[in-house]
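Letter by letter, the chains look like this.
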Amino acid sequence: AGLTNVTTLTYFHFDNNALSGTLPANIGDMSSLKKLYLSYNSIGGDFPASVSQLTALTELDVSNNALTGAFPDICGMVSPSDVRMSNNDLTGGVPDCLGNAAWTGLSILRLNGNGFDGQIPGSLVNLTGLTELDLSQNEFTGGFPAWVTSQPTLATVNLAGNRLSGAVPELTGNVQELIISDN
């Protein structure tokens, strides 16, 4: 029962269903998984530790669920392009490892609508392929990160609804939409 003997599965699309409960503890057994779409369900609880074994993932969308706990250990993803964890109940800091060399091809990072706090990691400056960054509606503190307005590919930045302060950096990159209201 459950997710047994699915080591060759590469695409798992279960968006917009009535799924509830928690993510299976053995989700990491799907070692060939490249795309995991579970958005718009009612999945709750913490990410299981085995999620760290999903290193082949390139796209992860668990938005609009009821996931709780800390940021999941997904830093081992080898070449992610799209990570969406919006509108859950995730808390704590966002790890610096998101800016590691394997993540430079990431184009979309949506972590909005959670309870993430602390400063926005400076390591995100290394995400040179980023086109969309949405960190809105969290509890981030500190200054507005200067690098967001100078990234060569970053077109949309939403930092609204946090607790950021200080001067807004000068726009020098490709940013077409900068949303920083309610800070």
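The coordinates are above.
Residues numbered from 1 in each chain as written. Predicted model: local features only at pLDDT ≥ 70, side-chain atom pairs only at ≥ 80, totals over all residues. Heavy atoms only, no water.

Peer 1: Residues and numbers for the side chain of Asn 112, please.
Peer 2: Counting through the fold element by element, Asn 112 comes out in the loop between strand S9 (108-110) and strand S10 (115-119). Reaching out from Asn 112, the side chain makes a polar contact with the side chain of Ser 86 at a distance of 2.5 Å. (Helix = DSSP H or I, 4+ residues; strand = E, 2+ residues; numbered from the N terminus. Polar contact = N/O pair within 3.5 Å; in protein donor to acceptor, adjacent residues only side chain to side chain.)

Peer 1: Quick rundown of the pairing of strand S4 (residues 42-45)? Include the residues and the values.
Peer 2: Where strand S2 (residues 20-22) meets S4, 3 bridges bridge the pair, whose relative direction is parallel. Each residue of the ladder has a partner; that of Ser 20, found in S4, is Ser 42. In this structure, S4 lies alongside strand S6 (residues 66-69), joined through 2 bridges in parallel fashion. Its bridge partner being in S6, Gly 44 is matched across the sheet by Ala 66. (Pairing = 2+ DSSP bridges.)

Peer 1: Account for the sheet that holds strand S1 (residues 11-13), naming residues and giving values.
Peer 2: Through backbone hydrogen bonds, the strands of a sheet pair up, either in parallel or in antiparallel fashion. Strand order in this open sheet of 8 strands is S1-S3-S5-S7-S9-S11-S13-S15, and the pairing throughout is parallel. Strand pairing shows two members of the sheet lacking a second neighbour, S1 and strand S15 (177-179), which therefore form its edges. Averaged over all pairs of adjacent strands, the angle between their axes in this sheet comes to 10°, without regard to strand direction. With 3 bridges joining them, strand S11 (residues 132-134) and strand S13 (residues 156-158) adopt parallel strand pairing. By the bridge assignment, Leu 133 is partnered in S13 with Val 157. (Axes fitted to C-alpha atoms, helices over the stretch in contact; angles between N-to-C directions.)

Peer 1: Describe in detail the sheet that holds strand S12 (residues 139-143), supporting the description with residues and values.
Peer 2: With respect to topology, 7 strands assemble into an open sheet ordered S2-S4-S6-S8-S10-S12-S14, the strand pairing being parallel. Here the strands that pair on one side only, and so sit at the sheet edges, are S2 and strand S14 (163-165). Ignoring which end each strand starts from, the neighbouring axes of this sheet average 20° apart. Bridging between S6 and strand S8 (residues 89-92) involves 2 bridges; their strand directions are parallel.

Peer 1: Please give an account of the state of the cysteines that cites residues and values.
Peer 2: Overall, the coordinates contain 1 disulfide when judged by the stated rule. The disulfide partner of Cys 75 is Cys 97, and the S-S distance across this bridge is 1.7 Å. The sign of the 40° torsion about the S-S bond sets the Cys 75-Cys 97 disulfide as right-handed. With a gap of 22 residues between them, Cys 75 in the loop between S6 and strand S7 (82-84) and Cys 97 in the loop between S8 and S9 connect regions that are remote in the sequence. (Disulfide = S-S within 2.5 Å.)

Peer 1: Please give an account of the environment of Ile 74 that cites residues and values.
Peer 2: Looking at the element boundaries, Ile 74 is found in the loop between S6 and S7. Its relative accessible area of 2% is what places Ile 74 among the buried residues. Sequence-wise, Ile 74 and Ala 49 are 25 residues apart; in three dimensions their C-alpha atoms are separated by 9.7 Å. Setting aside anything within four residues of it in sequence, one finds Ile 74 in contact with Val 51, Leu 60, Val 83, Met 85 and Trp 103. (Buried < 20%, exposed > 50% of the residue type's maximum accessible area, 1.4 Å probe, protein only. Contact = heavy atoms within 4.5 Å.)

Peer 1: So what's going on with the pattern of salt bridges? Which residues, and what values?
Peer 2: Scanning all chains against the criterion turns up 4 salt bridges. Across the pair Lys 35 and Glu 59 runs a salt bridge whose closest N-O atoms are separated by 3.6 Å. Of the two residues, Lys 35 is situated in strand S3 (residues 35-37) and Glu 59 in strand S5 (residues 59-61); the sequence distance between them amounts to 24 residues. Notably, a salt bridge pairs Arg 163 with Glu 139, separated by 3.1 Å at the nearest N-O pair. (Salt bridge = Lys/Arg side-chain N within 4 Å of Asp/Glu carboxyl O.)

Peer 1: Can you break down the nonpolar core residue by residue, with the values?
Peer 2: Counting 45 residues, the largest nonpolar core has Ile 74, Met 85 and Leu 109 as its most contacted members. Setting aside anything within four residues of it in sequence, one finds Met 85 in contact with Phe 47, Leu 60, Val 62, Ser 63, Phe 71, Pro 72, Ile 74, Leu 90, Arg 110, Leu 111, Asn 112 and Asn 114. (Core = buried A, V, L, I, M, F, W, Y, C linked by side-chain atoms within 4.5 Å.)

Peer 1: Give a detailed account of unusual backbone geometry, specifying residues and quantitative values.
Peer 2: Both trends apply: most residues other than glycine have a negative phi, and most peptide bonds are in trans. Backbone geometry places Asn 64, a non-glycine residue, at a positive phi of 60°. Here Asn 64 shows up in the loop between S5 and S6. Phi at Asn 87 takes a positive value of approximately 55°, unusual for a residue other than glycine. For Asn 87, the location among the structural elements is in the loop between S7 and S8.

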